[in-house]
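The chain contents come next:
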Amino acid sequence: MKTRKITLTEHDLVDALRQKKKIGAEALYDMYSASLFGVINRIIQHEELSEDILQETFVKIWNSFPLFDSSKGRLFTWMVNIARNLAIDKVRSKDFKNTAKNQDIENTVNLIDERQNTALNPETLGVKELVGKLKPEQKSILDLVYFRGYTHVEAAEELDIPLGTVKTRLRSAIITLRSFFN
Amino acid sequence: MEDIKTYIESGILELYVLGDLPENEMREVEAMAAQYPDVKSELSAIEAAVEGYARSHAIDPSEKLKIKVLQALDFDEDDSFEPVVNAKPIREVPKIVPLKDNNFYRYSFAASLLLLLISWIALFVLYSRLQNSKEQIANLLTSNQQFSNRVNYLDKQLKESSTSLSILKNPDFKMIRLQGTKNAPSASMIVAFNPRKSEVLIDFAALKMPATDQTHQYQLWALVDGKPVDLGVFDSATDSLGMKRMKAIERAQAFAVTLEPRGGSASPTMEQMIAMGAI
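Reading the values: rules and limits
- Residues numbered from 1 in each chain as written.
- Chains lettered and ligands numbered in written order.
- Predicted model: local features only at pLDDT ≥ 70, side-chain atom pairs only at ≥ 80, totals over all residues.
- UniProt positions renumbered as here; feature names shortened; annotations may be inferred.
- Helix = DSSP H or I, 4+ residues; strand = E, 2+ residues; numbered from the N terminus.
- Buried ≥ 20, exposed ≤ 12 C-beta atoms within 10 Å, placed from the backbone.
- Contact = placed C-beta atoms within 7 Å.
- Nonpolar A, V, L, I, M, F, W, Y, C, P; charged D, E, K, R; others polar.
- Pairing = 2+ DSSP bridges.
- Axes fitted to C-alpha atoms, helices over the stretch in contact; angles between N-to-C directions.
- Left-handed = near helix turned anticlockwise from the far one by under 90°.
- pLDDT = per-residue confidence, 0-100.
- Core = buried A, V, L, I, M, F, W, Y, C linked by C-beta atoms within 7 Å.

If you look chain B up in an unreviewed UniProt entry, it shows as Anti-sigma K factor RskA C-terminal domain-containing protein from Hufsiella arboris.

The name given to chain A in an unreviewed UniProt entry is Sigma-70 family RNA polymerase sigma factor, with Hufsiella arboris as the source organism. You can read under Sequence similarities (unreviewed entry) in the UniProt record for chain A the words "Belongs to the sigma-70 factor family. ECF subfamily."

What follows is the structure, given as structure tokens:
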């Protein structure tokens, strides 16, 4: 039997985290671990290392929470950027490159996508539908930047397209997402 | 506001949300968002969309990780959490309703206790009043009994007196005084004799005879032509004021009383003659 997951409104969660309350820590984990882990895992593509980074991410969120300014944007945006930065740093570190050689990247990607389509929370039921709406060139740029930790400059080089096109495609990809989520 | 539109459409806001901007450009975006509501709302919409995208790709980490993560956070063990503003509507519902209930039950309980106390006092007062009433009833019954005894006694005396009176007033009766013999010089008594109806009665009101013991009684005799005839026995000790009817006799010349063994004798013991009187 899984324990009950705690959910708070974003406002209450922010209060609880500022007061360093236990319920804040638990709600933070219950509400965001899967989403953050999804992002981290796609960048790192290594289960155990991803969990290490997720833990590091939560510690950093917890300790640097006074720096979060809710007037500047959503809590998740702030947290996911911490997670992405830690994950990208990890991917670019020397010891990671040694570890990662042992893993077949393509297999991991397939594994992740299989899992995501079967075992995830109800919010993900529309993923296939969403992916169908995104044009392939939109999705590849979005995923490179968001899930692989490329900068848009790196993505332009990788895909061999102009920087302006990268920005335009990113924007149109996100506009598609907005029609889906907002 | 053409500039703002161009700014929004440049794609810089998307890069900001994706965390793909250098520090100085991030500050610029934040300044723009603070200044222009359109930028701010555009930014919010992008954030929500990207968060949705991330959520749709969520993967649950292994179960054990939660414990590890929570152990790494130095949270306040105190579970009480008071959200500052937003939680008001959520908290008001569970807070106020039980509060009312609590008050209701508290007052009910207090009222019950008070009622119980009042009941006890009332019960005690009523009980002592009941005891008083019972005592009074007992006293009244006793005095009523005494009174009715007294009435019965007086009634009996009245009857006896009126009987005596009717006899004394009746001219057919002869009152014969019996005087004490040398055996009892101070003794005396009166016998009422009605020859027409052969009635003989002793007037106890006038009876003055020495006390007898348990084994002896007085016996009344009539002397008829020189022979004693038994008229019955009687006791000296009596609380009666009335008349005692003796055996009937038509005629007699004298009456005499002797002391005889209890129950009487067939013939008088002459040496024990106590009183005598002739007609």
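So what exactly am I meant to see when it comes to the overall build of chain B here?
Of regular secondary structure, chain B possesses six helices and eight strands. Within chain B, the proportion of its 279 residues that are buried is 24%. For chain B, the share of sequence-separated contacts (at least 6 apart) that also reach a separation of at least 24 residues comes to 61%.

Just to check I follow, could you spell out the interface of chain A and chain B for this structure?
One frequently used descriptor of interface size is the decrease in accessible area upon assembly of the parts. Listed per partner, the contact involves 60 residues of chain A and 43 residues of chain B. Among the secondary structure elements, those contributing two or more residues to the side of chain A that touches chain B are helix H1 (10–18), helix H2 (22–44), helix H3 (47–63), helix H4 (75–92), helix H6 (105–118), helix H7 (127–133), helix H8 (136–146) and helix H10 (163–181) of chain A. Looking at the side of chain A that touches chain B element by element, the count peaks at 13 residues for H2 of chain A. A class-by-class count of the residues in the side of chain A that touches chain B yields 24 nonpolar, 21 polar and 15 charged.

Can you walk me through the sheet that holds strand E3 (residues 199–208) of chain B in this structure?
Two strands in a sheet stick together by hydrogen bonds in their backbones, pointing the same way (parallel) or opposite ways (antiparallel). All names here are of chain B. In space, the eight strands of this open sheet follow the order E5-E4-E7-E8-E1-E2-E3-E6, with antiparallel pairing throughout. The outermost strands of the open sheet, each flanked by one partner alone, are strand E5 (227–234) and strand E6 (243–245). Averaged over all pairs of adjacent strands, the angle between their axes in this sheet comes to 30°, without regard to strand direction. Pairing geometry for E3 and E6, over three bridges, is antiparallel.

Could you clarify how one ought to interpret the packing of H3 of chain A against helix H5 (residues 64–72) of chain B in this entry?
Packed helices, taken two at a time, are described by the angle between their axes plus the distance between the axes. Packing of H3 of chain A against H5 of chain B leaves a shortest axis separation of 9 Å and a crossing angle of 35°. Crossing of H3 of chain A against H5 of chain B: the hand is right-handed. Along its contact with H3 of chain A, which presents Glu-51, Leu-54, Gln-55, Phe-58 and Val-59 of chain A, the element H5 of chain B presents Leu-65, Lys-68, Val-69 and Ala-72 of chain B. Here the residues of the contact of H3 of chain A with H5 of chain B are counted per class, giving six nonpolar, one polar and two charged.

Looking at this structure, how should I read the environment of Leu-70 of chain B?
Structurally, Leu-70 of chain B can be placed in helix H5. For Leu-70 of chain B, a count of 15 C-beta atoms within 10 Å translates into the label partly exposed. Excluding residues within four positions of it along the chain, Leu-70 of chain B makes contact with Ala-25, Glu-26 and Tyr-29 of chain A.

Explain H8 of chain A to me, please; I cannot follow it from the model alone.
For the α-helix, the turn length of 3.6 residues means that residues three or four positions removed from each other point alike. The set of residues buried in H8 of chain A consists of Gln-138, Ile-141, Leu-142, Leu-144, Val-145 and Tyr-146 of chain A. Those residues of H8 of chain A that are buried are in contact with helix H9 (152–159) and H10 of chain A.

I keep staring at the pairing of strand E2 (residues 188–194) of chain B and nothing clicks. Help me out?
All names here are of chain B. In terms of burial, E2 is a largely internal element, five of the seven residues being buried. Inspection of the sheet shows E2 paired to E3 by six bridges, in the antiparallel sense. Looking across to E3, one finds that Ser-188 is bridged to Lys-208. Following E2, the chain reverses through four residues before pairing antiparallel with E3; Ser-198 in that reversal takes a positive phi of roughly 60°.

Would you mind showing me how to read the pairing of E5 of chain B here?
On a regular strand, one side chain projects to one face of the sheet and the next to the other, so that they alternate. Residues and elements named next belong to chain B. Pairing of strand E4 (residues 216–224) with E5, which is carried by six bridges, proceeds in the antiparallel orientation. Pairing of Trp-221 across the sheet is with Asp-230, part of E5. Counting the residues that bridge the hairpin from E4 to E5 gives two residues, and of these Asp-225 lies at a positive phi of roughly 50°.

I tried to follow the confidence of the model for chain A on my own but got confused; where do I start?
Note: predicted coordinates in regions of low pLDDT should not be interpreted at a detailed level. All names here are of chain A. This prediction gives chain A a mean pLDDT of 81; 82% of its residues lie at or above 70. The spread of mean pLDDT over the elements of chain A runs between H6, the lowest at 46, and H3, the highest at 92. When the criterion is pLDDT under 50, residues 114–123 qualifies, and its contacts beyond four places in sequence or with other chains add up to 12 contacts.

Quick question: what am I supposed to make of the nonpolar core here?
Nonpolar side chains tend to gather and get buried jointly when the protein is soluble and globular. Residues Leu-36, Ile-40 and Val-145 of chain A together with Val-50 of chain B are the most contacted members of the largest nonpolar core, which totals 65 residues. Top contributing element to this core by residue count: H2 of chain A, with 13 residues. Here Ile-40 of chain A is in contact with Ser-50, Ile-53, Leu-54, Thr-57, Ala-83 and Ala-87 of chain A, once residues within four sequence places are set aside.

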